[in-house]
Amino acid sequence: MAVRFAVLGPLSVRDADGTAVPVPGERCRAVLAVLLWHANRPVPVSVLTEAVWRGTPPDSATSNLQTYVSRLRRLLPTVTLTHAYGAYRLTVPDDALDVSVYAARVAAGRAALADGDAATAAAALRAALGLWRDRPLVDVDVPLLEPEADALEDDRLTVVEDCMEAELAGGRHADLVGELQALVGKHPLRERLRGQLLRALAASGRTAEALDAYARAREELADSLGVEPGPELRELHARILRGELPGAPARPAAMPAPVYQLPAQVPDFTGRGDEVTALTGLLTAATDTVPVAVVTGTPGSGKTALAVRVGHAVRRQFPDGQLFVHLAGGSSRPREPAAVLAELLRALGVSGPQLPDELAERAAAYRSLLADRRVLVVLDDASDAAQVRPLLPGSPGSAVLVTGRRQLPGLTGHAHPVRLGPLDAAEARAMLAAAVGADRLAAEPAGTDRILAACGRLPLALRVAGARLADRPDWAVATLADRLDDEQRRLDELAVDDVEVRASLALSYAGLPAPVRRGLRLLALLDPVTVADWSVAALLGGADPAAEHGEASDADTDRVVGALLAANLLDPVGRDRAGQPRYRLHDLLRTYGRERARAEDPVEARRAAIRRLFHRAATLTVLADEGVPRQEPVPRLPDDPPAPAATGPLARLIRRDPRAFLDSERANLIAAAIHVAEAGRTGQAAWFAGHLHPQLWLDGRTEDLIRLHAAIRDAAAAAGDEPARLRAEYLLGRVLTRRGEHDAALRAVTRCQHEAERLGLAHLLACCLATRGHLLRSTATDADGSLGYARRAVELFDELGDRAARTAAQRELALALNRAGASDAAFAVLEQAVAGARELADPALQALVLNGYGVWSMGAGRYAQAREAGVECLAALRRLDDRVGALQALCQIGLADLALGHHDEAVRRFASARADALAYGDAEIAAFGTLVVATSWIADGRPDESVPVLERCVHTFRELAQPRRVAQGLRVLAAAYDAVGRTDDAERARDEAAGLDGYDGTGAPRTLSTRLLLRLAAGVTTD
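Just so you know, the residues in each chain are numbered from 1, in the order the chain's sequence is written. Reporting in this predicted model follows two pLDDT cut-offs: at least 70 for local features of residues, and 80 or more for side-chain atom pairs to be given and counted; totals over whole chains, interfaces and linings ignore these cut-offs and use all residues. Side-chain numbers come from the whole structure's heavy atoms, not from hydrogens or water.

Visitor: Give a description of the overall build of the chain that names residues and reports values.
Guide: Assigned secondary structure in the chain consists of 47 helices and 15 strands. Expressed along its principal axes, the backbone C-alpha trace of the chain runs to roughly 125 × 80 × 65 Å. The classification of residues rests on relative accessible area computed with a 1.4 Å probe and restricted to protein chains. Under 20% of the type maximum is buried, over 50% is exposed, and intermediate values are partly exposed. Within the chain, buried positions represent 53% of all 1023 residues. By definition in these notes, contact holds between two residues if any of their heavy atoms fall within 4.5 Å. For the chain, the proportion of contacts with a sequence separation of at least 24, taken over those separated by at least 6, is 68%. Computed with a 1.4 Å probe, the accessible areas rest on the Shrake-Rupley method; for each residue, only the protein chains presented here act as cover. As displayed, the chain offers around 43,200 Å² of accessible surface, 51% of which is attributable to carbon and sulfur atoms. The charge count treats Lys and Arg as positive and Asp and Glu as negative. His and the chain ends do not count. Working definition for charges: the position is that of NZ of Lys, CZ of Arg, CG of Asp or CD of Glu. Charge centroids of the chain, computed over 121 positive and 135 negative side chains, lie 1 Å from each other. Helix and strand definitions here come from DSSP, where helices need a minimum of 4 consecutive H or I residues and strands a minimum of 2 consecutive E residues; each element is numbered from the N-terminal end.

Structure representation (structure tokens):
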């Protein structure tokens, strides 16, 4: 079968097996819409240009149009799209385009009506009208087509009237009253429709209502148009008054006693309160149409149980009966509508020779029997909209509740969709407790949680798990949890009697086309993460699925994703920061998919898919990393591969906002790096992690950084890959520095330095030297060593030609010089660093150097200058979204405020820094901010409140192994002890502090920040 197109409603393209073919891009869709509207006719380029750009085409319009046409040819390789003499022509068979089928059916219906064959005419016209899903091309904005669409909609109304005429001619007067009343309500000025309503009422024996309908028509026409009804309507009115209209044929035989076919309710039905409320309200609402609700969801989500529950809940509102029929949509042979209608008609009392032979006749008899009655029809496990449409009642009063594994987009506009996912945690626990007993679960909460997680909170799985525990009262809850923990046995365990989770999943899987089944298997290979289209494309691969690189086309990817979404086997989870739609595979589907992958896909095919995904992830990550600001170098190794090239729309998106992409894909990229490391490709993993590090560092994600680098370090150590191990260990040391664990960081960096020197890893060595110098300076451990390491780092980065790293190292060298008392030399180096950062046009480096400039200015007593540098640095860091760097800038500004005597402002600044530090996990800055705030309480007359807080701060600094901060805390704590009269404690605190930071000749503390804190404690604002 050829590709099928539909324009009578939203633009729709479906391939030979019925799978939707998404057409991306507003302009590309506009081109296709115009070509389809004029199918099999040449469409001049000028017309297409007008349609796409609406009179303001760009200079590149022609080439852009060629691009859109090329894209359509790629999406629709079996469709003929040609160009000749300045026009494009889309060749589409008449039976493959709904508007062509519509025109043919209308012509056939009108011809039959003219020949007096009312039944054939009605069937043909009903079939034609059934093709309409909404206004033509409702989702494509092409003003050029609007006049023609309006004309087609006007013609549709005429076809509706022709159809009503055929039905009336066939004697269906009573059956049409409700439909004609609804049509008149929507189109009150169509006199032909009003006349048909009058005829239907009068011929049904409802003369008074017919006369009343004429009176309303006359009133509304006068109000709206200021005219009387036309001659045909007036003549019809006169004939009704004279009693000249023929009577209606006899109604179909009355139904027997009401039929109630609903199965019994599930005894332990739990949860779904919102869905039950929504469905009962929808099905019982007063409306002039037939309410239709469609419940779909993941296999095992309890669709049928919910439908039965709702059906029983609304029984009183449907006194004429409740029909229930299983449509077998999940099987390989869904039931035919004609056979289902025969079953329904027999249930309604039609049997033997009274049962019509044809589908259309059975549907008409079914609608006639349900007319003017209140019946609930439950259609369980529908396969598609085509199976459901003939089973819908035609008159208001009845309602329909459909369940299905697949979404039913063909009913859009006529049905209210309800999609079921897993139960929430409380509902899932309650369902398990209903089978097992709440006390048994409460005795083993950990085992219960493991069962809920293994079942993915799906009702079917929970029901099976509950049944197994109920059958084995001798088991502990943990016994079943242990069995379910083994993923390869999980589906074997989730089976009891004839109820199997695997069987439910297998039905949905078997109904998928082969390429979609493969896509599900490959997605199941991933960890439980969300994915975007690019991941699916990489897993699927290109023309050669065994190739190391390559990816599926957008069209192939869209087909797989669209089919999985339609089958409710993939859950949409919204859009990420980068604007990409994201999807998640349910845990049990992932288990089943992996089971099928092991059975159907060779090991090498699975490995090739993961390699393709990693290659694509690496390509995109390296591209994104180019746009991430960094304030420190990431070590390079001699075997690092060159940066792979990235092209296409996603690459352009990443260049516009690289950090949005990295943030959206963070969990996937970390998982990919760890997976590759554990698979033995540790060099690749370490290189990849180096490109992830800057973004995670900027975001302050220390836990992610530790997990990432520790996994690679351990895998590299096991594989004997020393360079990869050392790079990971160095980066771990940098993370420990951020966490304030300076002793552990110094040990790690020192080990890396010695090994890097031994192995000749020059860039890693330079990074180690710079960081070791920083640690020695910041902890006041070895000022001379700090200066020496910083100087060596600058020289080595200079030799390696890494200007950015050299500039960052110069900042550290300047601070080391300043601490050593060489203030002028420090300032000279800072000026070089500032010039270097500006020459490189790197705002992150500029912020880093400004921070160093502020530190130098504080040491030089230029407090206003230091504050100005801090404010400028903070603004730059916030533009870069460097949250942790911004904390350090906040502290620098706060210290400058203290030095300037602006105590209140300084305390507010440190309180803000403390709150942010707690959120980002920076223990050192959080503790220091707390220390400053508590210090201010001493001068405020609240020393008794400050003492316990200051003691906790000192304890934190001890845990972080920061002697300089411990000394600061002890100095302030001593002042607080003095204020509350604990002089002995104060003396001991000062003695310990003296052993940590020492005094100068006057007895004052050496560090400026300590002196500022003591001034704050005393309430002194000037020296």
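Visitor: Break down the side chain of Asp601 for me, with residues and values.
Guide: Within the element layout of this structure, Asp601 appears in the loop between helix H26 (587–600) and helix H27 (603–625). At 2.8 Å, the side chain of Asp601 forms a polar contact with the side chain of Arg521. Once you skip the residues sitting within four places of it in the chain, Asp601 turns out to touch Arg521, Arg596 and Arg606. Polar contact is the term for a pair of N or O atoms within 3.5 Å; when the atoms are in protein, one must be able to donate a hydrogen and the other to accept it, and sequence-neighboring residues count only if both atoms are side-chain atoms.

Visitor: Provide a residue-level description of the nonpolar core, including the pertinent values.
Guide: Core analysis: the biggest nonpolar cluster contains 99 residues, and Ile451, Leu494, Leu523, Leu564, Phe688 and Leu708 have the highest contact counts within it. The leading source of residues in this core is H27, at 10 residues. When sequence neighbours within four positions are dropped, the list of residues in contact with Leu523 reads Val531, Val536, Leu539, Leu564, Leu570 and Leu585. We define the nonpolar core as a collection of buried residues of types Ala, Val, Leu, Ile, Met, Phe, Trp, Tyr and Cys that are connected through side-chain atoms lying within 4.5 Å of one another. Ala51, Val52, Leu125 and Val177 belong to the second largest nonpolar core, which has 76 residues in total.

Visitor: Which residues make up the packing of helix H39 (residues 843–859) against helix H41 (residues 883–899), and what are the values?
Guide: Angles here are taken between N-to-C directions and fall from 0 to 180 degrees, while the axes themselves are lines fitted to C-alpha atoms, restricted in helices to the stretch in contact. The contact between H39 and H41 brings their axes to 11 Å, and the two run at 20°. On the basis of their axis angle, the class for H39 and H41 is roughly parallel. Judged by the sense of rotation from one axis to the other, the crossing of H39 with H41 is left-handed. Judged by residue contacts, Leu850, Asn851, Gly854, Val855 and Met858 of H39 engage Gln892, Leu895, Ala896 and Ala899 from H41. Gly counts as polar in this scheme, as do all residues outside two lists: the nonpolar Ala, Val, Leu, Ile, Met, Phe, Trp, Tyr, Cys and Pro, and the charged Asp, Glu, Lys and Arg. Of the residues belonging to the contact of H39 with H41, the class tally is 6 nonpolar, 3 polar and no charged. Put simply, angles under 35 degrees are roughly parallel, angles over 145 are roughly antiparallel, angles from 65 to 115 are roughly perpendicular, and the rest are oblique. The sense of a crossing depends on the near helix, which, turned anticlockwise from the far helix by less than a right angle, makes the crossing left-handed and, turned clockwise, makes it right-handed.

Visitor: Run through the sheet that holds strand E6 (residues 259–260), naming residues and quoting values.
Guide: The strand order across the open sheet formed by 6 strands is E6-E8-E9-E10-E7-E11, and the pairing between neighbours is parallel. The strands lining the two open edges of the sheet, one partner per strand, are E6 and strand E11 (416–420). Two strands pair under a simple rule: DSSP has to find at least two bridges between them. Bridge count for E6 against strand E8 (residues 321–326) is 2 bridges, and the pairing is parallel. By the bridge assignment, Tyr260 is partnered in E8 with Gln322.

Visitor: Outline the pattern of salt bridges, supporting the account with residue identities and numerical values.
Guide: By definition here, a salt bridge exists when the distance from a side-chain nitrogen of Lys or Arg to a carboxyl oxygen of Asp or Glu is within 4 Å. One pass over the structure, following the stated rule, counts 67 salt bridges. The partner of Arg616 in a salt bridge is Glu551, with the nearest N and O atoms 3.5 Å apart. Note that Arg616 is positioned in helix H27 and Glu551 in the loop between helix H24 (533–540) and helix H25 (554–566), a separation of 65 residues in sequence. Of the residues examined, Glu551 reaches a relative accessible area of 33% and is grouped as partly exposed. For Arg942, the salt bridge identified is with Glu945, shortest N-O distance 3.0 Å. Assessed through its relative accessible area of 29%, Arg942 is described here as partly exposed.

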